[in-house]
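Here is how the chains run, residue by residue.
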Amino acid sequence: PSPLPSPLPPPPPPAAAQQAEHLEHICSWHAGCCNPFFVAPLPERRALVADYGHGTIAVVCLLSGSILHVISLPPHTEPCGSSALRRPLGVARSAASLYVVDDVAACVLQLDLEGRLVRSFGGGGDSGLRACGDDASLPLLAPYGCAFAAAEAGSACGGSERRRSAGAREPLLYVVDSGRHRVAAYSADGRPRFAFGRRGSGAGCLHDPRGVAVHGGTVWVADMCNHRVALFTAEGAPAGAFGRHGSGPGRMQYPAGVAVSRSLLLVSEYVGGRLHVLSLRGDALQLLTPPPAAAPPGAAGAYLCAVGAGGGCALVPDTDGAVHVFAVKRAGPLERPPSPPPP
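If you're wondering where the values come from, they're calculated on a predicted model, not measured in any experiment.

Visitor: Kindly report on the confidence of the model for the chain, identifying the contributing residues and their values.
Guide: Mean pLDDT for the chain: 80, with 76% of residues reaching 70 or above. Within the model, pLDDT remains below 50 along residues 125-134, and this stretch shows 18 contacts once partners closer than five positions in the same chain are excluded. Confidence drops under a pLDDT of 50 for residues 332-341, and excluding neighbours within four residues, the segment shows eight contacts in the predicted structure.

Visitor: Please give an account of unusual backbone geometry that cites residues and values.
Guide: The residue H181 is not glycine, and still its phi comes out positive at about 55 degrees. The exposure class assigned to H181 is buried, which follows from its relative accessible area of 12%. We note that H227 has phi near 55 degrees; this positive angle belongs to a residue other than glycine. Take H227: it is sitting in the loop between strand 19 (218-223) and strand 20 (228-233).

Visitor: How would you summarise the packing of aromatic side chains if you had to cite specific residues and measurements?
Guide: Within the structure shown, the criterion is met by 10 aromatic pairs. Ring centres 5.2 Å apart and planes at 80 degrees place the aromatic pair F37 and Y52 in the edge-to-face group. Separated by 15 residues along the polypeptide, F37 in strand 2 (residues 36-42) and Y52 in the loop between strand 3 (46-51) and strand 4 (56-61) bring together distant segments of the chain. Ring centres of F37 and Y144 lie 5.7 Å apart, and the angle between their planes is 75 degrees; this geometry places the pair in the edge-to-face category. With F37 in strand 2 and Y144 in strand 12 (residues 143-149), this residue pair connects regions lying 107 residues apart in the sequence. We classify F37 as buried; its relative accessible area is 7%. Taken together through their ring pairs, the aromatic side chains of F37, F38, Y52 and Y144 make up a single cluster. Over the ring of Y144 we find R210, and its NZ or CZ is 4.3 Å from the ring centre.

Visitor: Just give me the short version of the nonpolar core, but keep the residues and values in it.
Guide: Residues L48 and Y174 are the most contacted members of the largest nonpolar core, which totals 38 residues. The element contributing the most residues to this core is strand 2, with four residues. C27, W29, A47 and L62 belong to the second-largest nonpolar core, a separate cluster that totals 14 residues.

Visitor: Describe the pairing of strand 4, with residues and values.
Guide: Within strand 4, five of the six residues are buried, leaving the element largely enclosed by the surrounding structure. Taken together, the six bridges between strand 3 and strand 4 define a ladder with antiparallel strand orientation. Residue pairing for strand 4: R46 is matched across the bridge by C61. Adjacent in sequence and paired antiparallel, strand 3 and strand 4 are bridged by four residues, among which G55 carries a positive phi angle near 70 degrees. The pairing of strand 4 with strand 5 (residues 67-71) spans four bridges and is antiparallel. Residue pairing in the sheet places V60 in a bridge with I67 of strand 5. With antiparallel pairing between neighbouring strands as the criterion, strand 4 and strand 5 make up a hairpin whose turn holds five residues, including G65 at a positive phi of roughly 80 degrees.

Visitor: Tell me about the pattern of salt bridges, residues and numbers included.
Guide: Applying the stated rule across the entire model yields 12 salt bridges. One salt bridge connects R87 with D103, and the closest N-O pair in it is separated by 2.7 Å. Remark: D103 occurs in the loop between strand 9 (97-102) and strand 10 (107-112) and R87 occurs in the loop between strand 7 (81-82) and strand 8 (88-93); sequence separation between them is 16 residues. We note a salt bridge from D283 to R281, for which the minimum N-O separation is 3.1 Å. Of the residues examined, R281 reaches a relative accessible area of 70% and is grouped as exposed. Residues participating in the shared-partner salt-bridge network are D177, R180 and R182.

Visitor: Break down the sheet that holds strand 14 (residues 182-187) for me, with residues and values.
Guide: Pairing between the strands of a sheet is mediated by backbone hydrogen bonds and can be parallel or antiparallel. Spatial strand order, 12-13-14-15: four strands in an open sheet with antiparallel pairing. Pairing within the sheet leaves two strands with one partner each, and these edge strands are strand 12 and strand 15 (192-196). Taking the axes of each pair of neighbouring strands and ignoring which way they run, one obtains an average angle of 20 degrees across the sheet. Where strand 13 (residues 172-177) lies against strand 14, six bridges are found, and the strand directions are antiparallel. Pairing of Y174 across the sheet is with A185, part of strand 14.

Calculation criteria
Residues numbered from 1 in each chain as written. Predicted model: local features only at pLDDT ≥ 70, side-chain atom pairs only at ≥ 80, totals over all residues. Heavy atoms only, no water. pLDDT = per-residue confidence, 0-100. Contact = heavy atoms within 4.5 Å. Buried < 20%, exposed > 50% of the residue type's maximum accessible area, 1.4 Å probe, protein only. Helix = DSSP H or I, 4+ residues; strand = E, 2+ residues; numbered from the N terminus. Phe/Tyr/Trp six-rings, centres within 6.5 Å; stacked < 30°, edge-to-face > 60°. Lys NZ or Arg CZ within 6 Å of the ring centre and 35° of its normal. Core = buried A, V, L, I, M, F, W, Y, C linked by side-chain atoms within 4.5 Å. Pairing = 2+ DSSP bridges. Salt bridge = Lys/Arg side-chain N within 4 Å of Asp/Glu carboxyl O. Axes fitted to C-alpha atoms, helices over the stretch in contact; angles between N-to-C directions.

Spelled out as C-alpha coordinates, the structure:
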(Lines give C-alpha, C1' and ligand atoms only; values in the text may rest on other atoms or scores of the structure.)
Protein backbone atom coordinates (compact mmCIF):
# COMPACT_ATOMS: atom_id res chain seq x y z
CA PRO A 1 0.00 0.00 0.00
CA SER A 2 1.08 3.55 -0.67
CA PRO A 3 2.45 5.41 2.36
CA LEU A 4 0.11 7.91 3.99
CA PRO A 5 0.82 11.51 3.01
CA SER A 6 2.45 13.68 5.63
CA PRO A 7 0.03 16.05 7.33
CA LEU A 8 0.09 19.61 6.05
CA PRO A 9 1.85 22.12 8.31
CA PRO A 10 -0.49 24.50 10.11
CA PRO A 11 -1.12 27.81 8.34
CA PRO A 12 1.02 30.77 9.38
CA PRO A 13 -0.47 33.12 11.94
CA PRO A 14 -2.32 36.11 10.52
CA ALA A 15 -0.38 39.30 9.92
CA ALA A 16 -2.13 41.00 12.86
CA ALA A 17 -0.84 38.33 15.21
CA GLN A 18 2.68 38.49 13.80
CA GLN A 19 2.86 42.24 14.28
CA ALA A 20 0.79 42.68 17.44
CA GLU A 21 1.51 45.94 19.24
CA HIS A 22 1.15 46.64 22.93
CA LEU A 23 2.16 49.20 25.57
CA GLU A 24 4.99 48.79 28.06
CA HIS A 25 5.58 51.17 30.97
CA ILE A 26 8.96 52.91 30.71
CA CYS A 27 9.06 55.42 33.56
CA SER A 28 7.07 57.88 35.66
CA TRP A 29 8.20 61.28 36.84
CA HIS A 30 7.14 64.48 38.53
CA ALA A 31 8.26 67.57 36.67
CA GLY A 32 8.30 71.04 38.13
CA CYS A 33 4.78 71.36 36.75
CA CYS A 34 2.16 72.16 39.34
CA ASN A 35 -0.76 70.49 37.55
CA PRO A 36 0.11 68.75 34.27
CA PHE A 37 -2.90 68.16 32.09
CA PHE A 38 -2.96 67.41 28.39
CA VAL A 39 0.41 66.43 26.96
CA ALA A 40 1.87 65.99 23.48
CA PRO A 41 5.13 64.22 22.53
CA LEU A 42 7.68 66.18 20.50
CA PRO A 43 10.67 65.08 18.40
CA GLU A 44 14.03 64.45 20.08
CA ARG A 45 12.51 62.78 23.16
CA ARG A 46 10.74 65.89 24.37
CA ALA A 47 7.14 66.60 25.30
CA LEU A 48 4.74 69.52 25.68
CA VAL A 49 2.95 69.65 29.03
CA ALA A 50 0.03 72.00 29.67
CA ASP A 51 0.48 73.14 33.29
CA TYR A 52 -2.85 74.62 34.30
CA GLY A 53 -1.63 75.26 37.87
CA HIS A 54 1.12 77.63 36.75
CA GLY A 55 -0.60 78.87 33.60
CA THR A 56 2.31 77.80 31.39
CA ILE A 57 3.32 75.28 28.74
CA ALA A 58 6.46 73.34 29.65
CA VAL A 59 8.80 71.62 27.20
CA VAL A 60 10.25 68.70 29.13
CA CYS A 61 12.60 65.78 28.63
CA LEU A 62 10.45 62.78 27.80
CA LEU A 63 12.34 60.30 29.99
CA SER A 64 13.22 62.39 33.04
CA GLY A 65 10.66 65.19 33.19
CA SER A 66 13.39 67.82 33.39
CA ILE A 67 12.04 71.18 32.23
CA LEU A 68 13.91 72.43 29.17
CA HIS A 69 11.83 75.49 28.38
CA VAL A 70 8.73 77.25 29.69
CA ILE A 71 6.25 79.15 27.52
CA SER A 72 4.19 81.86 29.18
CA LEU A 73 2.44 84.92 27.84
CA PRO A 74 1.93 88.34 29.43
CA PRO A 75 -1.69 89.51 29.57
CA HIS A 76 -2.98 91.86 26.94
CA THR A 77 -6.31 92.48 25.30
CA GLU A 78 -7.45 90.35 22.36
CA PRO A 79 -10.86 89.96 20.71
CA CYS A 80 -11.67 86.86 22.74
CA GLY A 81 -10.46 88.18 26.06
CA SER A 82 -7.08 88.03 27.75
CA SER A 83 -4.56 86.14 25.67
CA ALA A 84 -2.38 85.38 28.66
CA LEU A 85 -2.09 81.70 29.49
CA ARG A 86 -4.40 81.51 32.48
CA ARG A 87 -5.42 77.86 32.72
CA PRO A 88 -4.19 75.88 29.71
CA LEU A 89 -5.74 72.45 29.26
CA GLY A 90 -5.58 71.12 25.72
CA VAL A 91 -2.44 71.33 23.60
CA ALA A 92 -1.76 70.28 20.02
CA ARG A 93 1.03 70.80 17.50
CA SER A 94 1.12 71.23 13.75
CA ALA A 95 4.18 71.60 11.54
CA ALA A 96 4.21 75.37 12.10
CA SER A 97 2.15 76.12 15.22
CA LEU A 98 1.25 75.22 18.77
CA TYR A 99 -2.41 75.39 19.78
CA VAL A 100 -3.33 75.84 23.43
CA VAL A 101 -6.88 75.65 24.81
CA ASP A 102 -7.46 77.95 27.79
CA ASP A 103 -10.68 77.19 29.64
CA VAL A 104 -10.67 80.39 31.72
CA ALA A 105 -10.39 82.66 28.67
CA ALA A 106 -12.60 80.15 26.78
CA CYS A 107 -10.56 80.45 23.61
CA VAL A 108 -7.70 78.89 21.66
CA LEU A 109 -4.28 80.53 21.52
CA GLN A 110 -2.17 79.88 18.44
CA LEU A 111 1.58 80.21 19.02
CA ASP A 112 4.52 79.81 16.70
CA LEU A 113 7.06 77.10 17.48
CA GLU A 114 9.11 79.61 19.50
CA GLY A 115 6.15 80.26 21.81
CA ARG A 116 5.17 83.68 20.46
CA LEU A 117 1.48 84.51 20.21
CA VAL A 118 0.11 84.53 16.65
CA ARG A 119 -3.63 84.90 17.32
CA SER A 120 -6.46 83.82 19.57
CA PHE A 121 -9.82 82.55 18.35
CA GLY A 122 -12.99 80.75 19.30
CA GLY A 123 -14.06 83.02 22.13
CA GLY A 124 -17.12 85.19 22.65
CA GLY A 125 -15.75 88.07 20.62
CA ASP A 126 -14.99 85.94 17.57
CA SER A 127 -17.49 87.28 15.03
CA GLY A 128 -16.42 84.66 12.49
CA LEU A 129 -18.12 81.99 14.55
CA ARG A 130 -21.43 83.81 14.47
CA ALA A 131 -21.15 84.17 10.70
CA CYS A 132 -21.05 80.40 10.21
CA GLY A 133 -24.65 79.84 11.31
CA ASP A 134 -26.18 76.76 12.95
CA ASP A 135 -24.46 75.36 16.02
CA ALA A 136 -21.08 76.64 14.85
CA SER A 137 -22.34 80.16 15.56
CA LEU A 138 -21.86 79.68 19.29
CA PRO A 139 -18.52 80.66 20.84
CA LEU A 140 -16.61 78.20 22.97
CA LEU A 141 -18.11 77.87 26.43
CA ALA A 142 -15.89 75.36 28.27
CA PRO A 143 -13.15 74.20 25.86
CA TYR A 144 -11.07 71.21 26.87
CA GLY A 145 -8.96 68.97 24.62
CA CYS A 146 -7.88 69.57 21.04
CA ALA A 147 -6.31 67.65 18.17
CA PHE A 148 -4.80 68.77 14.87
CA ALA A 149 -5.39 66.86 11.64
CA ALA A 150 -3.17 67.51 8.66
CA ALA A 151 -4.74 67.84 5.22
CA GLU A 152 -5.98 64.57 3.78
CA ALA A 153 -8.85 63.25 1.70
CA GLY A 154 -12.23 63.53 3.44
CA SER A 155 -14.03 60.36 4.45
CA ALA A 156 -17.02 59.15 2.51
CA CYS A 157 -19.31 58.38 5.45
CA GLY A 158 -21.82 61.18 5.01
CA GLY A 159 -22.02 64.73 6.26
CA SER A 160 -23.02 67.82 4.34
CA GLU A 161 -21.25 68.91 1.18
CA ARG A 162 -19.80 71.88 3.06
CA ARG A 163 -18.30 69.58 5.68
CA ARG A 164 -16.91 67.11 3.14
CA SER A 165 -15.28 69.98 1.28
CA ALA A 166 -13.73 71.43 4.45
CA GLY A 167 -12.49 68.05 5.63
CA ALA A 168 -10.92 67.17 2.26
CA ARG A 169 -9.19 70.44 1.39
CA GLU A 170 -7.50 71.75 4.46
CA PRO A 171 -6.00 70.81 7.82
CA LEU A 172 -8.33 71.22 10.77
CA LEU A 173 -8.05 71.81 14.50
CA TYR A 174 -10.75 69.97 16.46
CA VAL A 175 -11.60 71.54 19.84
CA VAL A 176 -13.83 69.84 22.41
CA ASP A 177 -16.34 72.24 23.93
CA SER A 178 -17.43 70.40 27.05
CA GLY A 179 -19.82 73.14 28.06
CA ARG A 180 -21.82 72.83 24.84
CA HIS A 181 -21.36 69.02 24.51
CA ARG A 182 -19.88 69.37 21.06
CA VAL A 183 -16.69 69.51 19.00
CA ALA A 184 -15.82 72.62 16.97
CA ALA A 185 -13.55 72.49 13.93
CA TYR A 186 -11.30 75.38 12.86
CA SER A 187 -8.89 75.95 10.00
CA ALA A 188 -5.18 76.06 10.79
CA ASP A 189 -5.37 79.85 11.06
CA GLY A 190 -8.39 79.86 13.38
CA ARG A 191 -11.30 80.34 10.98
CA PRO A 192 -14.43 78.48 12.13
CA ARG A 193 -15.54 75.65 9.89
CA PHE A 194 -18.28 73.54 11.54
CA ALA A 195 -19.33 71.97 14.82
CA PHE A 196 -20.93 68.63 15.66
CA GLY A 197 -22.46 66.89 18.64
CA ARG A 198 -25.25 67.76 21.06
CA ARG A 199 -26.13 66.78 24.60
CA GLY A 200 -27.55 63.30 24.92
CA SER A 201 -26.69 59.61 24.81
CA GLY A 202 -27.89 58.59 21.34
CA ALA A 203 -26.01 58.43 18.05
CA GLY A 204 -24.04 61.61 17.42
CA CYS A 205 -24.66 62.85 20.98
CA LEU A 206 -22.11 63.71 23.67
CA HIS A 207 -22.32 64.36 27.40
CA ASP A 208 -19.46 66.37 28.90
CA PRO A 209 -16.83 65.31 26.33
CA ARG A 210 -13.18 65.89 27.20
CA GLY A 211 -10.44 64.52 24.92
CA VAL A 212 -10.29 64.14 21.14
CA ALA A 213 -8.03 62.33 18.68
CA VAL A 214 -7.95 62.32 14.88
CA HIS A 215 -6.42 59.69 12.61
CA GLY A 216 -7.10 58.44 9.11
CA GLY A 217 -10.32 60.38 8.61
CA THR A 218 -11.86 59.33 11.94
CA VAL A 219 -12.44 61.52 15.01
CA TRP A 220 -12.54 59.81 18.41
CA VAL A 221 -14.08 61.73 21.33
CA ALA A 222 -13.81 60.77 25.01
CA ASP A 223 -17.52 60.97 25.87
CA MET A 224 -16.98 61.26 29.60
CA CYS A 225 -20.42 61.10 31.19
CA ASN A 226 -21.68 58.54 28.68
CA HIS A 227 -18.71 56.32 29.67
CA ARG A 228 -17.76 55.62 26.08
CA VAL A 229 -15.75 56.71 23.07
CA ALA A 230 -17.81 58.29 20.30
CA LEU A 231 -16.68 58.12 16.67
CA PHE A 232 -17.28 60.67 13.93
CA THR A 233 -16.05 61.16 10.41
CA ALA A 234 -13.61 63.99 9.79
CA GLU A 235 -16.60 66.02 8.60
CA GLY A 236 -18.58 65.46 11.80
CA ALA A 237 -21.00 62.71 10.80
CA PRO A 238 -21.70 60.10 13.54
CA ALA A 239 -19.77 56.86 12.92
CA GLY A 240 -20.56 54.76 16.00
CA ALA A 241 -19.45 54.41 19.62
CA PHE A 242 -18.06 51.75 21.94
CA GLY A 243 -17.73 51.27 25.68
CA ARG A 244 -20.19 51.41 28.55
CA HIS A 245 -20.03 52.07 32.27
CA GLY A 246 -18.27 49.44 34.33
CA SER A 247 -14.92 48.10 35.49
CA GLY A 248 -14.28 45.14 33.19
CA PRO A 249 -12.50 45.04 29.82
CA GLY A 250 -14.22 47.32 27.36
CA ARG A 251 -16.09 49.10 30.17
CA MET A 252 -15.12 52.60 31.19
CA GLN A 253 -15.45 54.95 34.13
CA TYR A 254 -15.51 58.57 33.00
CA PRO A 255 -13.04 58.45 30.08
CA ALA A 256 -11.24 61.77 29.81
CA GLY A 257 -8.44 61.31 27.32
CA VAL A 258 -8.11 59.58 23.96
CA ALA A 259 -5.12 59.25 21.62
CA VAL A 260 -3.91 57.15 18.71
CA SER A 261 -0.42 55.65 18.59
CA ARG A 262 0.32 53.55 15.53
CA SER A 263 -2.31 50.77 15.50
CA LEU A 264 -3.48 51.41 19.07
CA LEU A 265 -6.27 53.55 20.49
CA LEU A 266 -5.56 54.70 24.04
CA VAL A 267 -8.27 55.84 26.44
CA SER A 268 -7.56 57.18 29.94
CA GLU A 269 -10.15 57.10 32.72
CA TYR A 270 -10.51 60.05 35.03
CA VAL A 271 -12.25 58.27 37.91
CA GLY A 272 -11.20 54.68 37.25
CA GLY A 273 -7.52 55.59 36.96
CA ARG A 274 -6.95 53.02 34.22
CA LEU A 275 -5.54 53.15 30.71
CA HIS A 276 -7.45 51.20 28.07
CA VAL A 277 -5.44 49.92 25.12
CA LEU A 278 -7.73 49.09 22.21
CA SER A 279 -7.57 48.40 18.52
CA LEU A 280 -8.75 51.18 16.25
CA ARG A 281 -12.04 49.27 15.94
CA GLY A 282 -12.49 49.31 19.72
CA ASP A 283 -11.40 45.75 20.55
CA ALA A 284 -9.98 45.56 24.09
CA LEU A 285 -6.29 44.57 24.09
CA GLN A 286 -4.85 45.70 27.45
CA LEU A 287 -6.14 47.29 30.63
CA LEU A 288 -3.32 49.03 32.49
CA THR A 289 -3.01 50.84 35.80
CA PRO A 290 0.01 53.15 35.85
CA PRO A 291 2.31 52.38 38.78
CA PRO A 292 2.26 54.87 41.66
CA ALA A 293 4.92 57.51 41.26
CA ALA A 294 6.68 59.31 44.08
CA ALA A 295 3.82 61.66 44.82
CA PRO A 296 4.55 64.98 46.50
CA PRO A 297 3.33 65.56 50.07
CA GLY A 298 -0.40 66.08 50.28
CA ALA A 299 -1.22 64.24 47.05
CA ALA A 300 -4.71 62.86 47.29
CA GLY A 301 -5.24 60.08 44.77
CA ALA A 302 -4.36 59.65 41.16
CA TYR A 303 -7.01 60.09 38.51
CA LEU A 304 -5.81 60.06 34.91
CA CYS A 305 -6.33 63.48 33.33
CA ALA A 306 -5.60 62.70 29.70
CA VAL A 307 -3.37 60.79 27.33
CA GLY A 308 -1.11 62.01 24.54
CA ALA A 309 0.63 59.86 21.97
CA GLY A 310 3.02 60.12 19.06
CA GLY A 311 6.35 58.84 17.86
CA GLY A 312 5.78 55.39 19.31
CA CYS A 313 5.15 56.54 22.87
CA ALA A 314 2.26 57.54 25.10
CA LEU A 315 2.18 60.04 27.98
CA VAL A 316 -0.42 59.81 30.72
CA PRO A 317 -0.59 62.62 33.34
CA ASP A 318 -2.44 62.08 36.61
CA THR A 319 -3.94 64.34 39.25
CA ASP A 320 -1.01 63.76 41.63
CA GLY A 321 1.22 65.68 39.21
CA ALA A 322 2.96 62.63 37.76
CA VAL A 323 3.38 61.81 34.08
CA HIS A 324 3.61 58.13 33.12
CA VAL A 325 5.55 57.25 29.98
CA PHE A 326 4.73 54.15 27.91
CA ALA A 327 6.34 52.80 24.76
CA VAL A 328 4.54 51.07 21.94
CA LYS A 329 6.21 47.70 21.46
CA ARG A 330 5.77 45.31 18.58
CA ALA A 331 5.87 41.59 19.27
CA GLY A 332 7.98 39.37 17.03
CA PRO A 333 6.47 36.68 14.83
CA LEU A 334 4.73 33.99 16.81
CA GLU A 335 6.60 30.69 16.82
CA ARG A 336 4.84 27.98 14.90
CA PRO A 337 4.60 24.63 16.71
CA PRO A 338 6.68 21.85 15.11
CA SER A 339 4.92 19.60 12.65
CA PRO A 340 4.04 16.17 14.00
CA PRO A 341 6.30 13.35 12.80
CA PRO A 342 4.99 11.34 9.87
CA PRO A 343 3.22 8.14 10.87
